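# A look at the structure
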Amino acid sequence: MTDEIIQNPNGRPTVMTDQAILKLEEILRIGGKIIAACAYAKVSPQVYYRYLKEDEDFRNRMQSAQHYSIIAARSIVMKQMTDDKVPQEERTKLAQWWL
């Protein structure tokens, strides 16, 4: 997708520009809700869901963005649990919390 305005078959320009996609990803990566991401990117939820259904690349990017914060948090916890420099008591508490 490019930042240039693309004409839809019905003649209206698309709002799903590269800039809009980056804004959607930005909010989804920090755990934001889709409705908030759409408002920030100035894209209606209907357009978002239509692109999600019709565009595989867009769908993959949005799914990756939504999973980012969970993966990042899990990575931090796992690093702490396996770091020998972290006291055993703290690692045990992390493991208990994890389970």
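Attention here is on the structure that accompanies the text. (Residues numbered from 1 in each chain as written. Predicted model: local features only at pLDDT ≥ 70, side-chain atom pairs only at ≥ 80, totals over all residues. Heavy atoms only, no water.)

### Some points on helix α4 (residues 56–82)
An ideal rise of 1.5 Å per residue puts 39 Å on 27 residues; α4 measures up with 37 Å between its terminal C-alpha atoms. Looking at α4, one finds that the buried residues are Phe-58, Met-62, Ala-65, Val-77 and Met-81. Elements that come into contact with the buried residues of α4 comprise α1 (18–29), α3 (45–54) and α5 (88–98). (Helix = DSSP H or I, 4+ residues; strand = E, 2+ residues; numbered from the N terminus. Expected span 1.5 Å × (residues − 1). Buried < 20%, exposed > 50% of the residue type's maximum accessible area, 1.4 Å probe, protein only. Contact = heavy atoms within 4.5 Å.)

### A look at α3
Of all the positions in α3, only Val-47, Tyr-48, Tyr-51 and Leu-52 are classed as buried. The buried residues of α3 all sit within an arc of 140° when viewed along its axis, so they share a single face. Among the exposed residues of α3, those pointing more than 90 degrees away from its buried face are Gln-46, Lys-53 and Glu-54. Along its buried surface, α3 packs onto α1, α2 (34–41) and α4. (Arc of directions from axis to C-beta.)

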